[in-house]
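# Remarks on the overall topology
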Amino acid sequence: MVREALQINNPEVQRALESVCDPEVPVLSIFDLGVVRKVDVLEKHVQIDLTPTYSGCPAMDTIAMDIMTALAEIGYTAKIKHVLSPAWTTDWISEEGRKKLEAYGIAAPRNQQVDKRILIGGASELECTNCGSTNTQLVSEFGSTACKALFRCLDCLEPFDYFKCLK
Amino acid sequence: MKEQLYSYLLMLGDNSMILAHRLSELCGHGPSLETDIALTNISLDLFGQVRNFFQYAAELKGGDCTEDNIAYLRTEREYYNCILVEQANTDFAHVIARQFFFDQFQYLQLKQLEKSSDETIAAIAAKSIKETRYHLRFSSEWMRRLGAGTEESHIKTQAAVDRLYPFVDELFTASAIEKALSDAGIAMDPGTVKAEYEQETKTVLEEASLILPDAAPRFAQGKQGMHTEQLGYILSEFQYMQRAYPNMEW
Ligand SMILES: [Zn+2]
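How each quantity is defined
Residues numbered from 1 in each chain as written. Chains lettered and ligands numbered in written order. Predicted model: local features only at pLDDT ≥ 70, side-chain atom pairs only at ≥ 80, totals over all residues. Heavy atoms only, no water. Helix = DSSP H or I, 4+ residues; strand = E, 2+ residues; numbered from the N terminus. Buried < 20%, exposed > 50% of the residue type's maximum accessible area, 1.4 Å probe, protein only. Pairing = 2+ DSSP bridges. Donors = N, O, S within 2.8 Å, 3.2 Å for Na, K, Ca; no water. Tetrahedral: all angles 85-135°; square planar, octahedral: opposite > 155°, others 65-115°. Domains from an automatic or database assignment. Contact = heavy atoms within 4.5 Å. Buried area = accessible area lost by both parts, 1.4 Å probe. Salt bridge = Lys/Arg side-chain N within 4 Å of Asp/Glu carboxyl O. pLDDT = per-residue confidence, 0-100. Phe/Tyr/Trp six-rings, centres within 6.5 Å; stacked < 30°, edge-to-face > 60°. Lys NZ or Arg CZ within 6 Å of the ring centre and 35° of its normal.

This next bit is on the overall build of chain B. From N to C terminus, chain B includes 11 helices and 0 strands. Secondary structure of chain B in N-to-C order comes out as α-α-α-α-α-α-α-α-α-α-α. Referenced to the eigenvectors of the C-alpha coordinate spread, the extents of chain B come out at roughly 55 × 40 × 30 Å. Relative to its full complement of 250 residues, chain B shows a buried share of 56%.

So, about the pairing of strand 8 (residues 148-153) of chain A. Residue and element names in this part refer to chain A. Pairing of strand 7 (residues 136-140) with strand 8 involves 4 bridges; the strand directions are antiparallel. Of the residues in strand 8, the one forming a bridge with T136 is C153. Where strand 8 lies against strand 9 (residues 159-163), 5 bridges are found, and the strand directions are antiparallel. Within strand 9, the position partnered with A149 by the bridge is Y162. Between strand 8 and strand 9, which pair antiparallel and follow one another directly, the connecting turn spans 5 residues, one of which, L157, has a positive phi of 65°.

The subject of this paragraph is the coordination of the zinc ion. Residue and element names in this part refer to chain A. Donor atoms from the polypeptide that coordinate the zinc ion comprise C128 (SG), C131 (SG), C153 (SG) and C156 (SG), at 2.3 Å from the metal. Every donor counted, the 4 donor atoms about the zinc ion form angles of 105 to 115° at the centre, which fits tetrahedral coordination. One chain supplies every donor to the zinc ion, and in sequence these donors are spaced C-x2-C-x21-C-x2-C. In this pair, C128 is assigned in the loop between helix 5 (112-119) and strand 7 and C156 in the loop between strand 8 and strand 9, connecting sequence segments 28 residues apart. The class for C128 is buried, based on a relative accessible area of 4%.

What follows covers the domain arrangement of chain A. All names here are of chain A. Assigned domains of chain A: these are domain 1 (11-91) and domain 2 (105-163). Between domain 1 and domain 2, the C-alpha centre-to-centre distance is 28 Å. With 6 residues of domain 1 at the contact, the number on the domain 2 side is 7 residues. Taking both sides of the interface into account, the surface hidden between domain 1 and domain 2 amounts to around 560 Å²; carbon and sulfur atoms contribute 80%. In this assembly, domain 1 and domain 2 are joined by 0 salt bridges.

Glancing now at unusual backbone geometry. Comment: phi is negative for the bulk of residues other than glycine, and the bulk of peptide bonds are trans. Of the consecutive residues S85 of chain A and P86 of chain A, the connecting peptide bond is found in the cis state with omega at -5°. A positive phi is found at L157 of chain A, a non-glycine position, where the angle reads about 65°. By the element assignment, L157 of chain A lies in the loop between strand 8 and strand 9. Under the relative-accessibility criterion, L157 of chain A is labelled exposed at 65%. The phi angle at S209 of chain B is positive, at roughly 55°, despite the residue not being glycine.

What follows deals with the confidence of the model for chain B. On average, chain B scores 95 in pLDDT, and the residues at 70 or more come to 100%. Reported confidence for the predicted complex is 0.82 by ipTM and 0.91 by pTM.

A separate point is the packing of aromatic side chains. Under the definition given, this model contains 10 aromatic pairs over all chains. Centre to centre, the rings of F100 of chain B and F101 of chain B are 5.7 Å apart; their planes meet at 45°, and the pair counts as tilted. You can call F100 of chain B buried: its relative accessible area is 0%. In textbook terms, an aromatic cluster arises when at least three aromatic residues are bridged by ring pairs, as seen for F142 of chain A together with Y134 and F138 of chain B. Across the ring face of Y6 of chain B, the terminal group of K61 of chain B is positioned such that the distance to the ring centre comes to 4.3 Å. Its end group placed over the ring of Y79 of chain B, R74 of chain B keeps NZ or CZ at 4.1 Å from the ring centre.

Time to look at the confidence of the model for chain A. Summarising the model, chain A shows a mean pLDDT of 89, and 92% of its residues fall at 70 or more. Per-residue pLDDT, averaged within each element of chain A, yields its smallest value for helix 5 of chain A (69) and its largest for strand 4 (residues 45-50) of chain A (96).

Written out as structure tokens, the structure is:
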């Protein structure tokens, strides 16, 4: 499922929200991550629907707090509602977001089939974010945060994170 | 009906919460760095799912009921988790077998609950199943690896299966609340997925060169609030902060 770009008819609010990042992957704005579902601006009050990435992701509370702060700085109050349905998927990470992830050294999610093969020990198709080699290997299905798996490159020997596919 | 729905949400949440707590006990004690991180990540996902169930339960209850009151301030008899998830960590084979038996059940349960006539339950299930699918892949891979691994890992894993499988039967014995709510299209009647569960479980165990014990099912009534002594130890640690410093917040 691909989401259409969110329209916010208030440039000031838009800019403030764009400044809020995922604290665990600070190169991604909350729009890149695809967690902002709806924004309604009513005079100096903003109502926002957010969708969690992983149920227990501690970043969600931080993101909500950062949104309140960013909006307070430009004189807006905010109310944030967490919406579960439809559930977030890694497909909602924007094209821009995927590029930023790769540039940051985290391999962007491929698709479920690729994940499945790799995670049950099949050949990896992931390119090393350091040297581009596909001679890579899964080290752990779970990484430093809920959204990542850990890989290593057998050519340059560097470890790298993979933003696992969630569908 | 509202009262039953409230209890049902507690049961769903308690299963995940008690297992999540067991996994959290392994933080810093996993057999390797990767498995340590994996088990605590699974714990975190489960706690997230619990929050969703308990937030909804608190909303139903109204008044000053919160997710935290529900999680921390009940007595032992008011927890409705199945006996399987409260079993101690003992060794890694037990941790993995307990996880596998639960994940397989939870996956089938969430698949049913995605179709629940209760919209909030359906939304939580649709969110959680993506994570549970991943957990199941992890635990079934480890079952295969341990079962078909070394002689020692095989012996330990078979012992874990022998000890834990008899607790699985409880998952499929519908409580009065499950029966009533499944008639209303809200809950799952666990009996309906038993055959599929046994089939899926058998497939993984065969690949792992493990066999299901023919021991009789253990009499277990966790869903009715009757627990083994294990839960008491869990709760004394789990509730310590709230009991010592009432209403503290993190
Ligand atoms: Zn490399």
